[in-house]
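# A structural walkthrough
Single-letter residue listing:
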Amino acid sequence: MMTVEAPAPDRLHEPPTQRRRMRRIPPWLLPLLPVLLLIAGLLIWPMVQALVESVSVDGQWSTSAYEQVLGDAVFQQALRYTLVFTAATIALELLLGFGAASLLDGMRARTRKLLTAALMLPYLIAPVAAGLIWRLMLDYSIGTINWGLGLVGIEAVNWLGSASPAFWATVLSEVWRSTPFVLIILLAGMAAMPTDVLEAARVDGASRAQVFAFIKLPLLRPAIAVALLFQTIFKLRLFELPFILTGGGPGNSTTPLGLLVHQYYFRYANTATASVVSVVLLVLGAVIAFAYIRWVYREVDA
Amino acid sequence: MRQRRFIAMMAAAALTMLSACSLDGGSDDPGSVEQDADAPLTLLTHPTIYGALGGDEFIAEFEEATGISVDVTTADIGPHLDKLIADYQAGSGTYDLVALQNIDYMPRVTDGLLPLDDFISGAPQVWDWDDFLASTREFAAVDGTQYGVPVRLGTQVLYYRTDLLSAAGIEPPATFEEYVSAATALDTAEVNGAVQRGVPRELANDWLGFLYSAGGTILDDEGQCALDGDAGLAATDMLVALVENEALPTDFLAWGRDDYISSMQQGNAAMGVYFSPYWGLMANPEESTVADSLGYALAPVVEGVAPGTSRAQTWNLSITEASTNQEGAWEFIQRVTSVENSLRSATEFSNGPVRTSTYTEPSYVESNPVAGLWLESGEVAQVDPPIGELPEIIDIIATQVTSALDGSATSVDALTAACQQVDRVLG
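By the naming in an unreviewed UniProt entry, chain B goes by Extracellular solute-binding protein and is assigned to Occultella gossypii.

Chain A is annotated in an unreviewed UniProt entry as Sugar ABC transporter permease from Occultella gossypii. According to its UniProt record, chain A has this under Sequence similarities (unreviewed entry): "Belongs to the binding-protein-dependent transport system permease family." Quoted verbatim from the Subcellular location (unreviewed entry) field of UniProt, the annotation for chain A is "Cell membrane".

Here's what the structure looks like:
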């Protein structure tokens with residue numbers, strides 16, 4: 001019987017698909033591996049741990065923590081507050097950031113730099129300090145906001161001691177602190193805009209409104225998406241500002257999910273419920289992030 | 001493609017930021033810890049307690065006398081437990097000594113604390129454990145095991161402006177009804193009839209004082225929620241009446257401890273029920289514009305309840321199991337709670353005494369106008385049960401009492417909802 005010896009492994013004789021796979025591992029990746037492992041250990045592992053903690057009670061697999069949290073009125077209120085707060089602040093920040101960036105973009109370079117630096121100041125202030133500043137400004141009796149309202153004949157508002165004004169107090173102070181972040185991203189997007197396209201549109205007789213709507217806005221879409229993405233993540237993680245400004249109150253009307261994680265974990269020592277809220281935050285962030293990315297990709301592909 | 005990659009990278013970076021919210025609940029048992037009699041001590045304490053016990057002055061004396069250095073970490077109520085629990089979780093054994101309130105002695109805290117019974121029974125006679133008020137000793141013990149040595153007792157007393165009450169011909173109120181009517185009568189555009197803390201947890205803490213003053217408890221004998229009983233209703237209705245009569249600051253639901261104290265110091269309030277240890281702050285002539293006209297009385301109660309019944313709170317010093325110098329830590333406790341230092345901290349730093357000998361010391365009685373009331377209320381005061389669910393119960397009370405105060409629920413509905421939630425928490 002004739003036998004045929006199998007050929008020795010030889011890279012040249014490997015199947016073509018395998019060769020392609022080998023070639024796909026780029027050499028620059030190797031030096032990055034330690035860093036990637038570190039990231040996996042420090043960031044991915046806690047995420048996995050949170051997932052595991054959220055479905056384990058007394059060492060047993062269980063969804064009881066999800067049932068407990070999702071059915072809890074305090075969680076529902078915190079979720080509602082976080083989502084409405086996120087939507088309100090981002091809408092206002094985009095509006096104000098876009099307006100300010102447009103104004104700055106049309107200015108001379110020196111003036112633009114000076115004003116941009118000045119407008120960035122609120123963002124450089126720690127959220128805790130910002131909370132304390134706004135707490136004083138919004139004080140019912142001695143706050144400058146009510147004093148200003150009084151000058152124009154408007155009755156003093158119970159900003160921090162009543163649920164609805166307290167919501168707007170947190171929105172107002174966050175918008176003040178975070179708008180510069182949106183502004184700087186949009187300003188960078190405007191600066192990177194190809195001038196020849198804008199020039200061509202003007203030569204073709206496009207009005208300012210048309211240039212804005214059909215040229216500038218689509219070109220700014222990636223920058224807007226980045227601003228939206230980061231701001232959404234920041235808002236979902238909200239903690240310090242309401243903690244300082246309202247203590248989450250009155251009642252629990254301004255308690256965000258971030259504060260609830262702290263409450264469940266540190267005050268109630270309930271790792272499972274705290275992990276559930278963390279997972280909810282993570283899922284919310286991921287869903288919104290992917291929605292933004294799809295939106296931008298669709299436009300870029302188009 | 002570049003845009004795509006850029007956005008994808010941004011998304012990945014942003015999502016990893018969110019993962020900072022993720023948690024690692026791992027815990028290591030410190031087990032037996034090797035001891036070093038010269039090892040430095042780290043004390044975790046509330047800043048007020050630190051100051052009230054002699055602060056830097058006492059630490060310097062201790063270090064000189066024993067040769068053991070002491071690092072001090074201060075944290076507010078809430079964060080102090082956060083730090084301790086985080087330290088347990090990390091198993092790092094950062095703290096040797098920790099100042100804890102009586103309500104902190106719940107299982108998740110005592111699990112990492114050293115039982116002090118052997119130290120106490122072996123302590124020299126001159127330290128005199130029996131001199132500590134019996135109630136305060138009990139508040140720092142769990143199931144017969146002593147986890148803390150009391151260093152500070154606080155009860156609730158009524159602070160009032162003698163000039164305003166006397167001008168209006170009003171006696172210091174002794175009952176809830178008198179309190180509401182006096183506050184209503186004394187309220188003017190410049191001065192609030194009464195002052196009250198309203199930020200969630202602080203409101204709940206004050207409300208619990210009123211609950212006890214009305215003869216109530218958090219749990220009944222069967223361990224079920226008792227907040228919706230007559231006492232709970234009396235406490236809530238009293239606060240609702242103050243709101244309806246506009247006798248409280250308009251934005252009191254945003255007021256915390258500092259707002260309360262500064263309001264009294266600045267003469268913006270006619271009266272208020274608050275913790276006795278703060279009398280020194282309220283009456284400090286350097287900070288108070290009305291120090292000379294500040295009066296003190298037992299906290300108002302519902303008729304039939306022992307006069308002065310209110311909520312007591314103690315601070316205690318405990319030693320962690322993870323301490324590498326437990327003998328040194330015990331030496332610290334003995335010295336800071338000695339008869340001499342207890343008297344000194346009471347007279348010089350306005351601390352709330354825990355020793356009978358301090359209360360009966362003529363120089364202290366002479367210097368503290370609240371001393372008699374303090375002792376009287378301390379004897380009848382109630383404390384919260386040290387149960388693990390207490391923080392959740394306090395948060396439930398805060399939410400539901402707020403809903404009664406802002407008019408979104410009646411007192412009955414608010415307390416019924418509170419009890420439904422509390423019973424669910426208690427399982």
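## Brief notes about the overall build of chain B
In terms of regular secondary structure, chain B is built from 20 helices and 10 strands. Relative to its length of 427 residues, chain B is compact, with a C-alpha radius of gyration of 23 Å against a globular reference of 22 Å. The C-alpha extent of chain B, read off along each of the three principal axes, is 75 × 65 × 45 Å. For chain B, the proportion of its 427 residues judged to be buried stands at 57%.

## What about the UniProt feature "transmembrane region" (unreviewed entry) in chain A?
Mapped onto this numbering, the UniProt entry gives "transmembrane region" (unreviewed entry) at residues 28–48, 81–104, 116–137, 181–201, 213–234 and 272–293 of chain A. Annotated as 100% helix and 0% strand, the span residues 213–234 of chain A places its first and last C-alpha atoms 28 Å apart.

## Some details on the sheet that holds strand β9 (residues 294–298) of chain B
Residues and elements named next belong to chain B. Pairing is antiparallel across the open sheet formed by three strands, whose spatial order is β8-β7-β9. Edge strands, defined here as strands with exactly one partner in the open sheet, are β8 (271–275) and β9. Strand-to-strand, the axes of this sheet are offset by a mean angle of 35°, without reference to chain direction. Pairing analysis gives five bridges linking strand β7 (residues 156–161) to β9, with the strands arranged antiparallel. Paired with arginine 161 across the strands is leucine 294, a residue of β9. Lying over the sheet, helix α9 (residues 176–186) contacts β7 and β8, oriented at roughly 130° with respect to β8.

## Considerations on the packing of aromatic side chains
Residue and element names in this part refer to chain B. Applying the stated criterion to the full structure yields 26 aromatic pairs over all chains. Judged by centre distance (6.4 Å) and plane angle (25°), the ring pair of phenylalanine 58 and phenylalanine 62 falls under stacked. Of this pair, phenylalanine 58 and phenylalanine 62 are both found in helix α3 (residues 55–66), four residues apart, which corresponds to roughly one turn of the helix. Just as phenylalanine 58 is buried, phenylalanine 62 falls in that class too. Centre to centre, the rings of phenylalanine 119 and tryptophan 330 are 5.3 Å apart; their planes meet at 20°, and the pair counts as stacked. Separated by 211 residues along the polypeptide, phenylalanine 119 in helix α6 (residues 117–121) and tryptophan 330 in helix α14 (residues 326–336) bring together distant segments of the chain.

## Some words on the UniProt feature "domain: ABC transmembrane type-1" (unreviewed entry) in chain A
Per the UniProt record, the feature "domain: ABC transmembrane type-1" (unreviewed entry) sits at residues 79–292 of chain A. As annotated, residues 79–292 of chain A comprises 79% helix and 0% strand, and the C-alpha atoms at either end are separated by 20 Å.

## A word on the side chain of asparagine 205 of chain B
All names here are of chain B. Here asparagine 205 lies in helix α10 (residues 200–213). You can call asparagine 205 buried: its relative accessible area is 19%. Residues contacting asparagine 205, with those up to four places away along its chain left out, are Arg197, Arg311 and Ile394.

## Describing the confidence of the model for chain B
Confidence in the prediction of chain B, expressed as mean pLDDT, is 90, and 93% of residues score 70 or more. Contacts of residues 19–31 of chain B to residues separated by more than four positions or lying in other chains number 33 contacts, the stretch itself having pLDDT below 50.

## Quick look at the packing of α3 of chain B against α14 of chain B
The relative placement of two packed helices comes down to the angle between their axes together with the axis-to-axis distance. Residues and elements named next belong to chain B. In contact at an axis separation of 11 Å, α3 and α14 are set at 125° when each is read in the N-to-C sense. Comparing the axis directions of α3 and α14 gives the class oblique. Helix-helix and strand crossings are classified by hand; for α3 and α14 the assignment is right-handed. Here Phe58, Ile59, Phe62, Ala65 and Thr66 of α3 come into contact with α14, specifically with Gly328, Glu331, Phe332, Arg335 and Val336. Broken down by class, the residue content of the contact of α3 with α14 amounts to six nonpolar, two polar and two charged.

About the thresholds
- Residues numbered from 1 in each chain as written.
- Chains lettered and ligands numbered in written order.
- Predicted model: local features only at pLDDT ≥ 70, side-chain atom pairs only at ≥ 80, totals over all residues.
- Heavy atoms only, no water.
- UniProt positions renumbered as here; feature names shortened; annotations may be inferred.
- Helix = DSSP H or I, 4+ residues; strand = E, 2+ residues; numbered from the N terminus.
- Rg over C-alpha atoms; globule rule 2.2 N^0.38 Å.
- Buried < 20%, exposed > 50% of the residue type's maximum accessible area, 1.4 Å probe, protein only.
- Pairing = 2+ DSSP bridges.
- Axes fitted to C-alpha atoms, helices over the stretch in contact; angles between N-to-C directions.
- Contact = heavy atoms within 4.5 Å.
- Phe/Tyr/Trp six-rings, centres within 6.5 Å; stacked < 30°, edge-to-face > 60°.
- pLDDT = per-residue confidence, 0-100.
- Parallel < 35°, antiparallel > 145°, perpendicular 65-115°, else oblique.
- Left-handed = near helix turned anticlockwise from the far one by under 90°.
- Nonpolar A, V, L, I, M, F, W, Y, C, P; charged D, E, K, R; others polar.

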